[in-house]
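Each chain, letter by letter, is given below.
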Amino acid sequence: MGMVSRIGLLPLIVGGLALGGCQMVGLDGAFAPRHQARHAEPQRQQMQALTPKVYLIRGIARPVSAGVDQLAAKLDQLGYRTSIHTFDDWRTVVEQIAADQQATRRRQKAVIIGHSLGANAALSVVNALAARGIEVPLAVTFDPTVPLVLTGGTGRLVNFYQSNNGWGRPIAAAAGQERRIENVDLRAAANLSHFTIDQDDAIHQRIVAWIRQSAGPGNVRLAQSPRRARG
């Protein structure tokens, strides 16, 4: 009977070992999310560095540059980080981009967009960045109101303007910067004016496509909810 009892206990012992094994597997599974969490923040930071942050600069008043807010809302929905500023806040934009460049060893990308006086400010931003040896991949301006000259600071500048609306002007280029500028005269677009040129949906779609291109291979974007800073 003693031998039978010992044999009878064998399945229980084996079962206990098997159960113990399952528990160990379960503990490993419990540790997995914690292990993944250790790598989540660096991955998020890397995605942020690859994802362009879009700085949008209004003209003299918010209603005048309604298209700036409309474009920012579209970019927010797509997962991009946007930051809206007034035209006289352009130095803040310069400092923020410079700080991001230093913190990410120049991996953080930025896009500059401005309308009217905000277009003038946008060019001030990229020229100031050029003086610091910093270049953003893309800048877009709508109807700058004064003669401007690009000295550097952006890989590509697209200037939408109307030569017949009494406000808009083309942007000139300093020596060596000519190939970086594309001036697009929308004088034939009778539905647009200085006060609505930044609201055209077709142009917005083109800008979104350019921003995606500026993100590089894979068109990396943030997965979490977008956050916007307002100037």
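Right, let's walk through the structure included here. What you see is a predicted model; the values in this text were computed from it and never measured. (Residues numbered from 1 in each chain as written. Predicted model: local features only at pLDDT ≥ 70, side-chain atom pairs only at ≥ 80, totals over all residues. Heavy atoms only, no water.)

### Focus: the packing of helix 2 (residues 66-77) against helix 5 (residues 201-214)
Two elements in contact, helix 2 and helix 5, have axes whose closest approach is 11 Å; the angle formed by their N-to-C orientations is 50 degrees. Taken together, the axes of helix 2 and helix 5 are oblique relative to one another. Crossing angle aside, the handedness with which helix 2 passes helix 5 is right-handed. Seen from helix 2, the contacting residues are Gly67, Gln70, Leu71, Lys74 and Leu75; seen from helix 5, they are Asp201, His204, Ile207, Val208 and Ile211. For the contact of helix 2 with helix 5, the per-class residue count stands at five nonpolar, three polar and two charged. (Axes fitted to C-alpha atoms, helices over the stretch in contact; angles between N-to-C directions. Helix = DSSP H or I, 4+ residues; strand = E, 2+ residues; numbered from the N terminus. Parallel < 35°, antiparallel > 145°, perpendicular 65-115°, else oblique. Left-handed = near helix turned anticlockwise from the far one by under 90°. Contact = heavy atoms within 4.5 Å. Nonpolar A, V, L, I, M, F, W, Y, C, P; charged D, E, K, R; others polar.)

### Description of empty space enclosed by the protein
Following the criterion strictly, the structure yields one cavity of 30 Å³ or more and no others. Looking at the largest cavity, its volume works out to about 30 Å³. Sorting the residues of the lining of the largest cavity by element identifies strand 1 (53-57) and helix 3 (90-103) as the ones contributing at least two each. Among the elements that take part in the lining of the largest cavity, helix 3 stands out by supplying three residues, more than any other. Looking at side-chain class alone, the lining of the largest cavity contains three nonpolar, two polar and three charged residues. (1 Å grid on protein atoms, 1.4 Å probe; cavity = no way out; pocket = protein on both sides within 12 Å on 5 of 7 lines; lining within 4 Å. Points joined across faces, edges and corners; volume = space filled by probe spheres on them.)

### Observations concerning the pattern of salt bridges
Under the criterion given, the structure shown has five salt bridges. Taking the shortest distance from any N to any O, the salt bridge between arginine 132 and glutamate 95 comes out at 2.4 Å. Of this pair, arginine 132 sits in the loop between helix 4 (117-131) and strand 4 (138-142) while glutamate 95 is found in helix 3, placing the two residues 37 residues apart along the sequence. As a salt-bridge pair, arginine 180 and glutamate 135 come within 2.9 Å of each other at their nearest N and O atoms. Remark: glutamate 135 occurs in the loop between helix 4 and strand 4 and arginine 180 occurs in the loop between strand 7 (171-173) and strand 8 (181-185); sequence separation between them is 45 residues. Given the relative accessible area of 26%, arginine 180 is considered partly exposed. Residue glutamate 135 is classed as partly exposed on the basis of its relative accessible area, which comes to 45%. (Salt bridge = Lys/Arg side-chain N within 4 Å of Asp/Glu carboxyl O. Buried < 20%, exposed > 50% of the residue type's maximum accessible area, 1.4 Å probe, protein only.)

### Some remarks on the environment of alanine 131
Inspection of the secondary structure puts alanine 131 in helix 4. A relative accessible area of 70% means that alanine 131 is categorised as exposed. For alanine 131 and glycine 153, which are 22 residues apart along the polypeptide, the C-alpha to C-alpha distance reads 7.8 Å.

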